[in-house]
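Given next are the chains, with one letter for each unit.
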Amino acid sequence: LGANGMGIPIGKLSLYCAAGGIAPHRVLPVMLDLGTDNEDLLKSPWYLGVQENRIHGDEYFEIVDEFIQAVRHRWPNVLLQFEDFSSDKAQILLNKYRNDHLCFNDDIQGTGATTLAGILGAIRAKGEEVSSLGKQRILIAGAGSAGIGVAQVLKQAMAEQGYTEKEANEAFFIVDQHGLLGIERTSGLSPEQRQFMRKTDCGMSLLDVVEKYKPTVLLGLTAVGGLFKEELIREMAANCERPILFPLSNPTTSAECTAEQAFEWTDGRCIFASGSPFDPVSMNGKTYFTSQCNNMYVFPGLGLGASICGAKVITDRMLYVAAEALANFVSEEDHAQGKVFPSIRKIRYVSHCLAVAVIKEAVRENLATKYVPTENLEDFVAKKMYDPVYVPLVEKREVTI
């Protein structure tokens, strides 16, 4: 996209305003134009960005650091959201700044927290205790920053529930284009990917993993449209009464499977959520509802809460309580219909709920720098939320003499 990606931060901040209650004059969309390797854009007379090859290596990280230091000098309490940074740079930048700056990466942490909330909701919809998260067998297709980020958040949640690191690691099977991540591929994997290497079956295909390990949860974060074939889904459904199936790539053309395919190939037994929106599916006289696993359920509330309390940093525990609050927001009626996320019409209430949870956790961790009341916190947060309504320019008064 190059400079054409400017619409992405604008869109995200629009959601902060509309869904999270952040005033428009308190947000600023930023795009760092470090060139492009897109040959069409380099040759186009209409391209507005820098028509030079993209900067890489130390120079790239120096420019990003210069920006972060400058923006923090101007606004010391600024919250930075990293968005759509390439996989080879996203985790490096997050690791560098997350412990000293108020920042988070939406593709890694936001996607992870939203997916965690969806899986917790799906477990509840199956009639199981959410504490059984560590007992699930989780197959993730895609080992990029998003896939590994989701795995990291899920693993952290398992630790919160009391599972050991060994128990948590045993729950994961992560497959990329070269097959299952295993110890034989150690030299070619990032430190984050190495956490999830299996001791056996290195390079095993997606279908073979399903046949041997019989996963209960299948997540797609590959951006490879149609990756989940009928044979794969039917094999999973044959060994799991209610498979949890989340093809999370978007747009729709990149979804690993459609809602109609998922319900048809599981005979209507799956619990389905997707990154792209899908209409309800009618099959055999019954309507099956879908859920959209969209980061907008998490990042506006997370940002709202962190801003109100002046959090020093965004911690893993804050992400966990945000996901937990989102999962608990889904009603039993929604679960009965197979939904694992609330109606988008309730998004401001969701953001308010998450903000309260994040503030409480920031206070508990002694990371809040601004005053927040210990009582009536819900009302306090509600009063801090911006409402998109017009204020009269002329005050009408009745004058009596």
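Check the entry above for the structure.
Note that this is a predicted model, so its numbers are computed, not measured.

Caption draft 1: Focus on the environment of Asn376. Relative to the helices and strands, Asn376 is located in the loop between helix H15 (347–364) and helix H16 (377–384). Placed 374 residues apart in sequence, Asn376 and Gly2 show a C-alpha to C-alpha distance of 46 Å.

Caption draft 2: A look at the layout of surface pockets. Roughly 360 Å³ of volume is contained in the second largest pocket. Lining the second largest pocket we find 19 residues, and of these Thr290, Tyr297, Pro342, Ser343 and Ile344 sit closest to its centre. The class makeup of the residues in the lining of the second largest pocket is nine nonpolar, seven polar and three charged.

Caption draft 3: Up close: the environment of Lys12. Looking at the element boundaries, Lys12 is found in helix H1 (residues 7–18). Linking Lys12 and Pro29, residues 17 residues apart in sequence, is a C-alpha distance of 8.5 Å. Excluding its chain neighbours within four sequence positions, the residues that come into contact with Lys12 are Gln81, Glu83, Asp106, Asn295 and Phe299.

Caption draft 4: Local environment of helix H13 (residues 316–329). Between its first and last C-alpha atoms H13 spans 20 Å; for 14 residues at 1.5 Å apiece the expected length is 20 Å, and the two agree. Listing the buried residues of H13 in full gives Met318, Leu319, Tyr320, Val321, Ala322, Ala323, Ala325, Leu326 and Ala327. Check the buried side of H13 and you find it contacts helix H5 (106–125), helix H6 (145–160), helix H12 (299–309) and H15.

Caption draft 5: Just the sheet that holds strand E4 (residues 172–176), in detail. Read from one edge to the other, the open sheet built from seven strands follows the order E5-E4-E3-E6-E7-E8-E11, with strand pairing classed as mixed. The open sheet has two free edges, formed respectively by strand E5 (179–180) and strand E11 (291–292), since each of these has just one partner strand. Packed on one face of the sheet, helix H10 (residues 230–238) meets strand E6 (217–220) and strand E7 (244–247) and runs near 155° to E6.

Caption draft 6: Representation of the packing of aromatic side chains. Taken as a whole and judged by the stated rule, the model has ten aromatic pairs. Measuring from ring centre to ring centre gives 5.4 Å for Phe82 and Phe85, while their planes differ by 85°; the resulting arrangement is edge-to-face. Classification of Phe82 as buried rests on a relative accessible area of 5%. The rings of Phe263, Phe272, Phe278 and Tyr288 are connected pair by pair, giving a single aromatic cluster. Above the ring of Tyr60, the side-chain terminus of Lys89 is found at 4.9 Å from the ring centroid.

Caption draft 7: Main features of the packing of H1 against H12. Where H1 meets H12, the axes come as close as 9 Å, and the angle between the chain directions of the two elements is 65°. Between H1 and H12, the angle is such that the two are roughly perpendicular. Both H1 and H12 take part in a crossing whose hand is right-handed. Residue-level contacts link Lys12, Leu15 and Tyr16 of H1 to Phe299, Pro300 and Gly303 of H12. A breakdown of the residues in the contact of H1 with H12 according to their chemical character gives four nonpolar, one polar and one charged.

Caption draft 8: Up close: the pattern of salt bridges. Going through the model one piece at a time under the given rule, you end up with 17 salt bridges. In this structure, the salt-bridge partner of Lys212 is Asp201, at a minimum N-O distance of 2.7 Å. Separated by eleven residues along the polypeptide, Lys212 in helix H9 (residues 206–213) and Asp201 in the loop between helix H8 (191–194) and H9 bring together distant segments of the chain. What makes Lys212 partly exposed here is its relative accessible area of 46%. For Asp201, a relative accessible area of 21% puts it in the partly exposed group. One salt bridge in this structure joins Arg364 and Glu361, with 2.8 Å as the shortest N-O distance. Of this pair, Arg364 and Glu361 both sit in helix H15, three residues apart, roughly one helical turn. What you see here is one network of salt bridges that share partners, running through Glu160, Arg317, Glu361 and Arg364.

Caption draft 9: Structural context of a nonpolar patch on the surface. Judged by side-chain polarity, Leu28, Val30 and Trp75 come together as a nonpolar surface patch covering roughly 280 Å² of accessible area. Residue placement: Leu28 occurs in the loop between H1 and helix H2 (39–43).

Caption draft 10: Just the packing of H13 against H15, in detail. Closest axis-to-axis distance for the H13/H15 pair is 9 Å, and the angle between their directions is 145°. Here H13 and H15 pass one another in a crossing that is right-handed. Of H15, the residues touching H13 (which contributes Arg317, Met318, Val321, Ala322, Ala325, Leu326 and Phe329) are Tyr349, Val350, Cys353, Leu354, Ala357, Val358, Glu361, Ala362 and Arg364. Counted by class, the contact of H13 with H15 contains 13 nonpolar, no polar and three charged residues.

Caption draft 11: Examining the side chain of Thr290 more closely. Counting through the fold element by element, Thr290 comes out in the loop between strand E10 (286–288) and E11. Owing to a relative accessible area of 15%, Thr290 belongs among the buried residues under this scheme. Here Phe278 takes part through its backbone oxygen, which lies 2.7 Å from a polar atom of the side chain of Thr290. Those residues within four positions of Thr290 in sequence are excluded, and the remaining contacts are Ala259, Phe263, Phe272, Phe278, Asp279 and Lys339.

Caption draft 12: Quick look at the pairing of E4. Burial of E4 is extensive: five of the five residues sit out of reach of the surface. Of the two faces of E4, the one holding Phe172, Ile174 and Asp176 and the one holding Phe173 and Val175 are both buried throughout. Relative to E4, strand E3 (residues 138–141) runs parallel, the two sharing four bridges. Across the sheet, Ile140 pairs through a bridge with Ile174, a residue of E4. Where E4 lies against E5, two bridges are found, and the strand directions are antiparallel.

Definitions and limits used
- Residues numbered from 1 in each chain as written.
- Predicted model: local features only at pLDDT ≥ 70, side-chain atom pairs only at ≥ 80, totals over all residues.
- Heavy atoms only, no water.
- Helix = DSSP H or I, 4+ residues; strand = E, 2+ residues; numbered from the N terminus.
- 1 Å grid on protein atoms, 1.4 Å probe; cavity = no way out; pocket = protein on both sides within 12 Å on 5 of 7 lines; lining within 4 Å.
- Points joined across faces, edges and corners; volume = space filled by probe spheres on them.
- Nonpolar A, V, L, I, M, F, W, Y, C, P; charged D, E, K, R; others polar.
- Contact = heavy atoms within 4.5 Å.
- Expected span 1.5 Å × (residues − 1).
- Buried < 20%, exposed > 50% of the residue type's maximum accessible area, 1.4 Å probe, protein only.
- Pairing = 2+ DSSP bridges.
- Axes fitted to C-alpha atoms, helices over the stretch in contact; angles between N-to-C directions.
- Phe/Tyr/Trp six-rings, centres within 6.5 Å; stacked < 30°, edge-to-face > 60°.
- Lys NZ or Arg CZ within 6 Å of the ring centre and 35° of its normal.
- Parallel < 35°, antiparallel > 145°, perpendicular 65-115°, else oblique.
- Left-handed = near helix turned anticlockwise from the far one by under 90°.
- Salt bridge = Lys/Arg side-chain N within 4 Å of Asp/Glu carboxyl O.
- Patch = residues over 30% accessible without salt bridge, like charges linked within 9 Å, V, L, I, M, F, W, Y side chains within 5 Å.
- Areas by Shrake-Rupley, 256 points an atom, 1.4 Å probe, with all protein chains shown as cover.
- Polar contact = N/O pair within 3.5 Å; in protein donor to acceptor, adjacent residues only side chain to side chain.

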